[in-house]
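One letter stands for each residue in the lines below.
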Amino acid sequence: MSESHNQQVSDFCLEGRFMDFVIKDGYKLKGLQIWTAEGECYIKLAKHLRFAFDLRLPRGTWLQIVGKKKHQLATGEVTFKAERVMAARQDVANETITQMGIPSPISHPPKPSSITEASAKPSKGKSTILVCQKSDCMKRGGKGVCQALEAALSDRGLEDQVTIKGTGCMKNCKAGPNVVMPDKTRYTRISAAQVSNIMDKHFGDRNTERQLEEVTEVPIPIQSIASGIATR
């Protein structure tokens, strides 16, 4: 533990249930809301975790979080900053869940594995659109592009089929905003006004198929057909 006149800094390791992401400005991942034995708490994520974190993490997942805890001596405020996030052990989750008073427990927590790797395999049938979140791309209209993508997915009913994931620098800052579609097609200098046409190009067929699936067939009674023939 390190200590100054104003604060104490120490290591921490806690386990709890993931409740929600903390997002700033509509697209910047900042931290996690975690429910522990002591109640709900906010965990700030280190920068290297923010860009690699999978935003599809299911609510209720049991996590083990390791990092630094700061205690402000003057105000008594305690803050947590995560440096590593992993799935919690199954035996710990099963033993403590009934003691924490948390509703809707998970009956089968995930096996121990890192959830912070950007190379994690996406779920079957769900595509991912990558959007650079570095400052250069954001200054060139990246925030508007993110909002336009979210609106386009909602308008086309694709929220359950396609997800938007923020990334670190794509090494093409001067040509931002940078977007990579699920088929690896890269778009540079993209504007919010172009998003609708791009979505139609990549997801038009899928949306059409979905609309066809939702069409309700109206059966025509055989008796009505027969009576129609008889009157001719």
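See the structure above.
This text gives an overview of the structure that appears in the document. (Residues numbered from 1 in each chain as written. Predicted model: local features only at pLDDT ≥ 70, side-chain atom pairs only at ≥ 80, totals over all residues. Heavy atoms only, no water.)

### Describing the nonpolar core
Thought 1: By size, the foremost hydrophobic cluster in this structure holds 21 residues, and its most contacted members are I129, L149, M181, V195 and M199.
Thought 2: Among the secondary structure elements, those contributing two or more residues to this core are β7 (127-132), α3 (135-155), β8 (162-167) and α4 (195-214).
Thought 3: In terms of residue count, the dominant contributor to this core is α3 (seven residues).
Thought 4: If near-sequence neighbours (up to four positions away) are discounted, V195 is found in contact with V145, A148, L149, A152 and I190.
Thought 5: Residues I43, L49, I65 and A82 belong to the second largest nonpolar core, which totals 17 residues. (Core = buried A, V, L, I, M, F, W, Y, C linked by side-chain atoms within 4.5 Å. Buried < 20%, exposed > 50% of the residue type's maximum accessible area, 1.4 Å probe, protein only. Helix = DSSP H or I, 4+ residues; strand = E, 2+ residues; numbered from the N terminus. Contact = heavy atoms within 4.5 Å.)

### Digging into the pairing of strand β5 (residues 62-72)
Thought 1: One ladder, built from 11 bridges, connects strand β2 (residues 7-24) with β5; its direction is antiparallel. Bridging across to β5, R17 finds its partner in W62.
Thought 2: Note: β5 against strand β6 (residues 78-87), nine bridges, orientation antiparallel. Bridge pairing in β6 places L63 opposite A87.
Thought 3: Taken together, β5 and the strand that follows it, β6, pair antiparallel across an intervening segment of five residues, in which G76 is found at a positive phi of about 80°. (Pairing = 2+ DSSP bridges.)

### Section: the packing of aromatic side chains
Thought 1: Taken as a whole, this structure holds two aromatic pairs when the rule is applied.
Thought 2: Between F12 and F80, the ring centres sit 5.0 Å apart and the planes meet at 75°, which makes this aromatic pair edge-to-face. You can see F12 sitting in strand β2 and its partner F80 sitting in strand β6, a full 68 residues away along the chain.
Thought 3: You can call F12 buried: its relative accessible area is 8%.
Thought 4: Residue F80 is classed as partly exposed on the basis of its relative accessible area of 21%. (Phe/Tyr/Trp six-rings, centres within 6.5 Å; stacked < 30°, edge-to-face > 60°.)

### Some thoughts on the pattern of salt bridges
Thought 1: Per the counting criterion, the structure on display carries three salt bridges.
Thought 2: Across the salt bridge formed by K68 and D11, the nearest N and O atoms sit 2.6 Å from each other. Of this pair, K68 sits in strand β5 while D11 sits in strand β2, and the two are 57 residues apart along the sequence.
Thought 3: You can call D11 exposed: its relative accessible area is 58%.
Thought 4: The residue D20 makes a salt bridge to R59 at a minimum N-O spacing of 2.8 Å. Placement of D20 in strand β2 and of R59 in the loop between α1 (47-50) and β5 is noted, with a sequence separation of 39 residues between them.
Thought 5: Looking at D20, the relative accessible area reads 30%, which means it is partly exposed. (Salt bridge = Lys/Arg side-chain N within 4 Å of Asp/Glu carboxyl O.)

### Thoughts on the pairing of β8
For a regular strand, side-chain orientation follows a simple rule: the groups alternate between the two sheet faces.
Thought 1: Of all six residues in β8, six are buried, a share of seventy percent or more.
Thought 2: Neither face of β8 is exposed, since V162, I164 and G166 on one face and T163, K165 and T167 on the opposite face are all buried.
Thought 3: The pairing of β7 with β8 spans six bridges and is classified as parallel. Of the residues in β8, the one forming a bridge with I129 is I164.
Thought 4: You can see the chain leave β7, run along α3 and come back into β8, and the turn it takes is right-handed. (Right-handed = clockwise from strand over helix to strand, strands pointing away.)

### Thoughts on α3
Thought 1: The terminal C-alpha atoms of α3, which comprises 21 residues, lie 28 Å apart, in line with the 30 Å expected from a rise of 1.5 Å per residue.
Thought 2: Its axis deflected by about 75° at G141, α3 carries its strongest bend there.
Thought 3: Trailing α3 by a residue or two, G157 shows a phi angle of about 65°, which is positive. (Expected span 1.5 Å × (residues − 1). Bend = angle between axes of the 7 residues up to and from the residue.)

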